[in-house]
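# Examining the three-dimensional arrangement
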Amino acid sequence: MSGPTADSGSPNEATMAAKAALRSRMTERRRRAAAAAPAAAETVRDRAIADLDFPPDALVSAYWPLRDELDPRPLMLALAAQGRRLCLPVVEASGAPLVFRAWHPGDPLAEACFGTQIPYDTAPVVVPDMLLIPLLAFDGHGYRLGYGGGFYDRTLADLRRVKAITAVGLAYAGQQVEDLPIEATDRRLDALVTERAVLRFG
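The structure reproduced in this document is the subject of the present report. Sequence order as written defines the numbering, with residues in each chain counted from 1. Where local features are concerned, this predicted model is filtered to residues with pLDDT of at least 70; where side-chain atom pairs are given and counted, the filter is 80 or more; whole-chain, interface and lining totals use all residues. The basis for every side-chain value is the complete set of non-hydrogen atoms in the structure, without hydrogens or water.

## Considering the overall build of the chain
Secondary structure summary: the chain contains 4 helices and 12 strands in total. Just to be clear, the radius of gyration here is over C-alpha atoms, and the globule rule we use is 2.2 Å times residues to the power 0.38. A globule of 202 residues ought to have a C-alpha radius of gyration of about 17 Å, and the chain, at 17 Å, matches this closely. Referenced to the eigenvectors of the C-alpha coordinate spread, the extents of the chain come out at roughly 55 × 35 × 35 Å. Accessible area is worked out with a 1.4 Å probe on protein chains only. A residue is then buried under 20% of its type maximum, exposed over 50%, and partly exposed in between. Relative to its 202 residues, the chain shows a buried fraction of 48%. Each accessible area is a Shrake-Rupley estimate made with a 1.4 Å probe; only the visible protein chains count as cover when residues are assessed. Total accessible area on the chain stands at roughly 9,900 Å², and carbon and sulfur atoms take up 53% of it. Only DSSP runs of H or I with at least four residues qualify as helices, and only runs of E with at least two residues qualify as strands; both kinds are numbered from the N terminus onward.

This is the structure in structure tokens:
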């Protein structure tokens, strides 16, 4: 696990600086990984359906992909075809947990920040049981590097105080790094699916 050097300021400042530097590198690395694996979304769908447990009554949160994020939509369609209920995350305020609104394939979506799409405000607010989560990088311990807003970490901490939540990262195999710089607020994934494998964390 990465740590600060003796002259790098406070541990938190050093970790934040290390994350910022890694984000810059991993954005380009993810772009290359996506270009090298054009069928990854379908392969991840097949691996997830075969190897992960999606309880019949589970409410699954996915995400609408941005840029070269691993596209969860083939998996979302497969889950919906099996009768699973779906929802999508909504950012309502900086520094707050995500809110989730019910969504089914074919439901209209509204344009949101950064070019993503979200359900309209008329869609019911729900509480998911499983989260499919995008990322820039991941390590073998189950930690992920996001974009720096902390939304998924706050959300997982908030949800796990009241119920069991399964958090599953979706990524390209090329996004794995040996160790990530970790802060106390970072929350681990339970599993992660790439085009090459399904990883489970303790």
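We are not done yet, so read on.
## Concerning the packing of aromatic side chains
For this analysis, a ring pair means two rings from Phe, Tyr or Trp (six-membered ring only for Trp) whose centres lie within 6.5 Å, classed as stacked if their planes differ by under 30 degrees, edge-to-face if by over 60, and tilted for the remaining angles. Applying the stated criterion across every chain yields a total of 1 aromatic pair. Seen in terms of ring centroids, W64 and W103 are 5.8 Å apart; in terms of plane orientation they differ by 75°. Their pairing is edge-to-face. With W64 in the loop between β1 (59-61) and α3 (73-81) and W103 in strand β3 (residues 99-103), this residue pair connects regions lying 39 residues apart in the sequence. You can call W64 buried: its relative accessible area is 18%. W103 gets classed as buried once you look at its relative accessible area, which sits at 8%.

## Looking at the environment of A35
Following the sequence through the fold, A35 ends up in helix α1 (residues 11-36). Expressed as a C-alpha distance, the spacing of A35 and A110, which sit 75 residues apart in the sequence, is 28 Å.

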